[in-house]
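If you want the building blocks of each chain, they are given just below.
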Amino acid sequence: MAFRLKLVPDETHFNFFRWQWLTFGVSAAAMVASVIITLVMGLNFGIDFKGGTTIRTESPTAFEVGDYRQALEKLDLGDVLITEVFDPSFGTTKHVAMIRIGTTDQTGSVTPEQLNEVHSALQTVDPQIAFAAVESVGPKVSGELILTAFYAVGAATIAIMFYIWLRFEWQFALGAVVSILHDVLLTVGIFSLLQLKFDLTTIAALLTTLGYSVNDTVVVFDRLRENLIKFKTMPLIDVMNLTVNETLSRTVMTAVTTALALTAMYVFGGDVIRGFVFAMLWGVFVGAYSTVYVAKNIVLWLGVKRDWSKPDRKEAKDEIPAAFRDAP
């Protein structure tokens, strides 16, 4: 007999909206708290957003990133990020690394003396190392990157709202946008609270999370629209409960499988992508929550029209499922 893993039973009757005011109140409080925490504690900006120097090193011998990092820790340079560059065209005699050092003075770059110290420290690990290129990102450029990142998130949100408005109704679009705002604020808030590094990879994770959350929301909205056509006289809250229960298995399975892959990346992926993966992992759970308890609450309060199609000759029976009224 074949074994099937089921995280959720085939049929559920949970009343997701019994505590709608409490769940939405908790979400609103979390959004406000995230804004306050961010304003008070600030964000731990990475080199992309606060300026710094990028050094491209080349060596004919293989190296370990950990050895480079250990050699530079003695210099007390602050924020240092080291990544190995892989390219099939390099061959076996060319090994490249990118070293990014955060701002150390008003110019947004390391001083020539510090650059010499870095070179000397790395030579103790790899005597044949050479600096192929040295580039600096000043405060002005980093400020422009922050503004560009803000524009990217804003443009994505507006595009998503417009798409959902065209596909469904304006109530659905407003619910999705509030849900997106909830996900973004809570992600930024947790990064501020834990003082995790916030850089361009975090912005990429935010945009990816928005897409994931909206995809989940659209799936539930599609089923909701079908049920609104099928059950024309059933109260909206009961149609929504029915819809969420029908899509619960898909939502949970998608969130869990995605979280498993991200957890493996977080544990084994190394420091370079850890911030990106954490933002994605946090966004998966926050997005699944906001799909039900933020987006759907907004639609429930605003109400929707029930005339998407002409009534059938034999309308479906619109009995209110008693299980939803008595469910936990």
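Small disclaimer: the values here were computed from a predicted structure and weren't measured. (Residues numbered from 1 in each chain as written. Predicted model: local features only at pLDDT ≥ 70, side-chain atom pairs only at ≥ 80, totals over all residues. Heavy atoms only, no water.)

**Brief notes about the environment of Glu 169**
Then comes step 1: With respect to the helices and strands, the residue Glu 169 is situated in the loop between helix 5 (139-167) and helix 6 (170-194).
Then comes step 2: Taking C-alpha positions, Glu 169 is 8.7 Å from Lys 305, a pair spaced 136 residues apart along the chain. (Helix = DSSP H or I, 4+ residues; strand = E, 2+ residues; numbered from the N terminus.)

**Regarding the pairing of strand 2 (residues 52-59)**
Then comes step 1: For strand 2, the tally of buried residues reaches 6 of 8 residues, placing the bulk of the element in the interior.
Then comes step 2: Pairing of strand 2 with strand 4 (residues 95-102) involves 8 bridges; the strand directions are antiparallel. Looking at strand 4, one finds that Thr 53 is bridged to Ile 101. (Buried < 20%, exposed > 50% of the residue type's maximum accessible area, 1.4 Å probe, protein only. Pairing = 2+ DSSP bridges.)

**Regarding the packing of helix 1 (residues 20-41) against helix 6**
Then comes step 1: Across the interface, helix 1 lies against helix 6 with an axial gap of 8 Å and an inter-helix angle of 40°. As the angle between them shows, helix 1 and helix 6 are arranged oblique. With respect to the hand of their crossing, helix 1 and helix 6 are arranged in left-handed fashion. Of the residues in helix 6, those touching helix 1 at Ser 27, Ala 30, Met 31, Ser 34, Val 35, Ile 37, Thr 38 and Met 41 are Leu 181, His 182, Leu 185, Leu 186, Val 188, Gly 189, Ser 192 and Leu 193.
Then comes step 2: Considered class by class, the residues forming the contact of helix 1 with helix 6 number 10 nonpolar, 6 polar and no charged. (Axes fitted to C-alpha atoms, helices over the stretch in contact; angles between N-to-C directions. Parallel < 35°, antiparallel > 145°, perpendicular 65-115°, else oblique. Left-handed = near helix turned anticlockwise from the far one by under 90°. Contact = heavy atoms within 4.5 Å. Nonpolar A, V, L, I, M, F, W, Y, C, P; charged D, E, K, R; others polar.)

**Examining the nonpolar core**
Then comes step 1: Ile 164, Phe 172 and Phe 221 are the most contacted members of the largest nonpolar core, which totals 50 residues.
Then comes step 2: Of the residues forming this core, the biggest block, 11 residues, is contributed by helix 9 (residues 274-302).
Then comes step 3: Counting 15 residues, the second-largest nonpolar core is a separate cluster that includes Ile 55, Leu 77, Ala 121 and Leu 122. (Core = buried A, V, L, I, M, F, W, Y, C linked by side-chain atoms within 4.5 Å.)

**Notes on a nonpolar patch on the surface**
Then comes step 1: Side chains of Val 32, Val 35, Ile 36, Leu 39, Val 40, Met 41, Leu 193 and Leu 194 sit close together on the surface and give an oily, nonpolar patch of about 770 Å² of accessible area.
Then comes step 2: Put simply, the parts of the chain that give the nonpolar patch at least two residues each are helix 1 and helix 6.
Then comes step 3: Looking at the element boundaries, Val 40 is found in helix 1.
Then comes step 4: Overall, Val 40 belongs to the exposed group, its relative accessible area being 67%. (Patch = residues over 30% accessible without salt bridge, like charges linked within 9 Å, V, L, I, M, F, W, Y side chains within 5 Å. Areas by Shrake-Rupley, 256 points an atom, 1.4 Å probe, with all protein chains shown as cover. Salt bridge = Lys/Arg side-chain N within 4 Å of Asp/Glu carboxyl O.)

**What to know about helix 3 (residues 65-73)**
Then comes step 1: Every buried residue belonging to helix 3 is among Val 65, Tyr 68, Ala 71 and Leu 72, and all of these are buried. Projection of helix 3 onto a plane perpendicular to its axis shows the buried side chains occupying an angular sector of 130°, all on one side.
Then comes step 2: In the core, the buried residues of helix 3 are packed alongside strand 2, strand 3 (80-85), strand 4 and helix 4 (112-125). (Arc of directions from axis to C-beta.)

**Regarding the packing of helix 7 (residues 200-230) against helix 8 (residues 236-268)**
Then comes step 1: The interhelical angle for the contact between helix 7 and helix 8, taken along N-to-C directions, is 145°, at an axis separation of 9 Å. For the pair helix 7 and helix 8, the crossing hand works out as right-handed. Note on element contacts: helix 8 touches helix 7 through Leu 236, Val 239, Met 240, Leu 242, Thr 243, Glu 246, Thr 247, Arg 250, Thr 251, Thr 254, Ala 255 and Thr 258, opposite Tyr 212, Asn 215, Asp 216, Val 219, Val 220, Arg 223, Leu 224, Asn 227 and Leu 228.

**A word on the side chain of Thr 202**
Then comes step 1: Here Thr 202 shows up in helix 7.
Then comes step 2: Taking the relative accessible area as the measure of exposure, Thr 202 reaches 0% and is therefore buried.
Then comes step 3: Filtering out sequence-adjacent residues up to four positions away, Thr 202 remains in contact with Phe 191, Lys 197 and Ala 279.

**A short note on the UniProt feature "transmembrane region" (unreviewed entry) in the chain**
Then comes step 1: In this numbering, the UniProt entry assigns the feature "transmembrane region" (unreviewed entry) to residues 20-47, 145-166, 172-194, 251-269 and 275-304.
Then comes step 2: For residues 20-47, helix accounts for 82% and strand for 7%, while the C-alpha atoms at its two ends are 42 Å apart.
Then comes step 3: From the first C-alpha to the last, residues 251-269 spans 26 Å; its make-up is 95% helix and 0% strand. (UniProt positions renumbered as here; feature names shortened; annotations may be inferred.)

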